Amino acid sequence: MPVAPTQTCLWPALLWGAHASVAPPEPCPQAPELVVVINTKNPFGKTGAAARTTIKQLFLKGKSQWPNGKVAKPYARRATSSEQAAFQKSLLGMKDSELARHWLRIKNLNGQTPPKAVGSDRLLLKFVARHEGAFGVVRRSAVKGNSKVRVLFKL
Amino acid sequence: MTTRSVISSAIPLVFSLTCAAQGEPGQPPRQEPQSLQEQIREMAERIDELEEMQMETSDRLGSRAVVQSYTAQNLDIGGHISSFFSYIDGANGRELGHTVTLFELYIKARINEEWSAFVTPGMFVFNGGLLDDPATPTVANDPGFTGDNASNNRTLLARGYVEYNPSDLLRIQGGIVGGPHGTTSREYFVPARSIGLGSLHTRRFLANSLYPGHFIGFRASGKIELGGTQDWLEYDGYFGSDDEQVEDPLGGVRLAYVFGDYGLSIAGNFGTGSRAGLQGQATSTVDILSNVPLNLSPFPLVFNAGRDYEFAGIDIDWRHGDFICKTEAYISWEDGFDDQRAFSTEWTWFPTSRVGLSYRFDYYDPGSDMRVVSAAPFTLMSLPFGHSTEHAIGITYDPDPSVRLRLDLHHNNLPNSSSSVDFINFNWSLSF
């Protein structure tokens, strides 16, 4: 499910409707468009739902390799970040607690660890540019002009 | 280039850019292009990021030494500590005591993308809980707890293997390996459990019951994608020996169909092997007389008589959002003795992010075994154990994703009897 587009905030709008003499409300700040990026050298060619399914399986470590056999290196965002929240809701379809239970189970099944969490877009792009199998979620505006990564799909 | 050197080289640059933007002291500021302001802002952001990263790293390391691995690219160290306390209400009285405290380290070392090692050295103190079992009339103190001294804690190695993982299609593990059978046994480690105590047919601590929970040998497993669907096949095949019966081989297979969209997997299982018998190893009648049910089980820890066996079973594991359902049914054909039969179904719902509610029903019939029918003269005879059923309800509370507190209430219908016993387990796991 894509991130909700920017709309006028509901409550100020209602209040404004109730008090017409007050100045019209400011629109909510524009939610940044988020995209999943992979390394430019990664030949992964799936799109749409197939691409989303692959990214989900790789992130949750149900699979460890891209279709070309290259080992996947998923990166998460900080748990408190809006990027991670959108990624979990839109792509994984999981709540924080559900994801925490998943990682606990994975750890106890075979000792695997969750993906490393990265703080900034810039740093995540550097990681993705550095490792051929890497991927992560960033704001689209951060990708502009970066030739070492490519956008796979938008959230 | 180190963080410090990046910062020290960036500061003069920012300073010069700032001077350029504001002009020399005493001179009127020049009108600067927007891009310069943008560069300054970006540079300041980068310095902030670097400082934040350096502080975070410094906070984590402190002034302590950094661990260095010899050849591993990655070295993950974690583990858990779990403690169980039980209150038993049986026909002969009530007892409250400690059952087991278990500490296990998880160490995973990866030397490259294909080769890794996983080992879980552990220690435990075990005061096996004795249910009030009429089948063990020689034990005077049941319900009760066996003695163990914390200073003499025992060690265990539940997993210790080398893994070769060239692709998702093939993963080979060799060493002390976990068995693929059973929904709870497959996961083995306690922290992820909703009900701390294993189901009746997997309750024997560190011992294989109906199917092998762990063995010494090789296991090959993998996932096969089914084109055009979200589903896949999982396979497991293994060959080795029981750690108590190393001279006899065991082997088995598991084939699962996983419905990716629904979080549902259905697996068929088959295996064969030999069970070690206490009878052959017993040095005195005491060994057999002391082979009593421990760890809140109504059945003994070890079979008195060894035998060959074959087993088959079905596992169903369904995980959907805050809902988990695990069900398994197994039967084993025991050479010279009655069949074993087991069924377990466990349903868990997490109504909030921290609280889980569970219900489990277990049925277990361990078949038959050579059992003591007379102490003087000492006489053994093949007799059925009878079956036991158990209802368990549990509540879990996770104050932190790495801490789980559990309270389980068990109602066990004892075998060959109309008697039942109730016990409450309070247990917790902290994993790190």
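Keep in mind that this is a model prediction, so the values were computed, not measured.

**With respect to the packing of aromatic side chains**
All names here are of chain B.
Here is step 1 of the chain: What the rule picks out here adds up to 23 aromatic pairs over all chains.
Here is step 2 of the chain: Between Tyr257 and Phe259, the ring centres sit 4.7 Å apart and the planes meet at 55°, which makes this aromatic pair tilted.
Here is step 3 of the chain: Members of the aromatic cluster, each reached through a chain of ring pairs, are Tyr106, Phe118, Tyr161 and Phe189.
Here is step 4 of the chain: Across from the ring centre of Phe118, 6.0 Å away, lies the NZ or CZ of Lys108, which sits over that ring.
Here is step 5 of the chain: The side chain of Arg204 reaches across the aromatic face of Phe303, ending 4.5 Å from its centre.

**Things to note about the nonpolar core**
Here is step 1 of the chain: Core analysis: the largest hydrophobic core is formed by 31 residues, its most contacted members being Phe124, Leu156, Leu210, Phe311 and Tyr364 of chain B.
Here is step 2 of the chain: Looking at this core, the elements that each hand over two or more residues are β2 (93-110), β3 (115-126), β6 (154-167) and β12 (307-320) of chain B.
Here is step 3 of the chain: With 25 residues, the next largest nonpolar core counts Ile38, Phe44, Met94 and Leu152 of chain A among its residues.

**Overview of the pairing of strand β9 (residues 232-242) of chain B**
Residue and element names in this part refer to chain B.
Here is step 1 of the chain: Relative to β9, strand β8 (residues 214-225) runs antiparallel, the two being bridged by ten bridges. Within β9, the position partnered with Lys223 by the bridge is Glu234.
Here is step 2 of the chain: Taking the residues that link successive antiparallel strands as the turn, the β8-β9 hairpin has six residues, and the phi of Gly228 there is positive, at about 80°.
Here is step 3 of the chain: Examined bridge by bridge, β9 and strand β10 (residues 245-259) share eleven bridges and lie antiparallel to one another. Among the inter-strand pairings, Leu233 is bridged to a residue of β10, identified as Tyr257.
Here is step 4 of the chain: Hairpin connection from β9 to β10: two residues lie between these consecutive antiparallel strands.

**Things to note about unusual backbone geometry**
Here is step 1 of the chain: Its identity as a non-glycine residue notwithstanding, Lys61 of chain A has a phi of 65°, on the positive side.
Here is step 2 of the chain: Mapped onto the secondary structure, Lys61 of chain A falls in the loop between α2 (48-59) and β2 (73-77).
Here is step 3 of the chain: A residue is classified by how much of its surface remains accessible, and Lys61 of chain A, at 21% relative accessible area, is partly exposed.
Here is step 4 of the chain: At Asn416 of chain B, a residue that is not glycine, the phi angle is positive and equals roughly 50°.
Here is step 5 of the chain: Topologically, Asn416 of chain B is positioned in the loop between β19 (403-413) and β20 (420-431).
Here is step 6 of the chain: Owing to a relative accessible area of 57%, Asn416 of chain B belongs among the exposed residues under this scheme.

Procedures and definitions
- Residues numbered from 1 in each chain as written.
- Chains lettered and ligands numbered in written order.
- Predicted model: local features only at pLDDT ≥ 70, side-chain atom pairs only at ≥ 80, totals over all residues.
- Heavy atoms only, no water.
- Phe/Tyr/Trp six-rings, centres within 6.5 Å; stacked < 30°, edge-to-face > 60°.
- Lys NZ or Arg CZ within 6 Å of the ring centre and 35° of its normal.
- Core = buried A, V, L, I, M, F, W, Y, C linked by side-chain atoms within 4.5 Å.
- Buried < 20%, exposed > 50% of the residue type's maximum accessible area, 1.4 Å probe, protein only.
- Helix = DSSP H or I, 4+ residues; strand = E, 2+ residues; numbered from the N terminus.
- Pairing = 2+ DSSP bridges.

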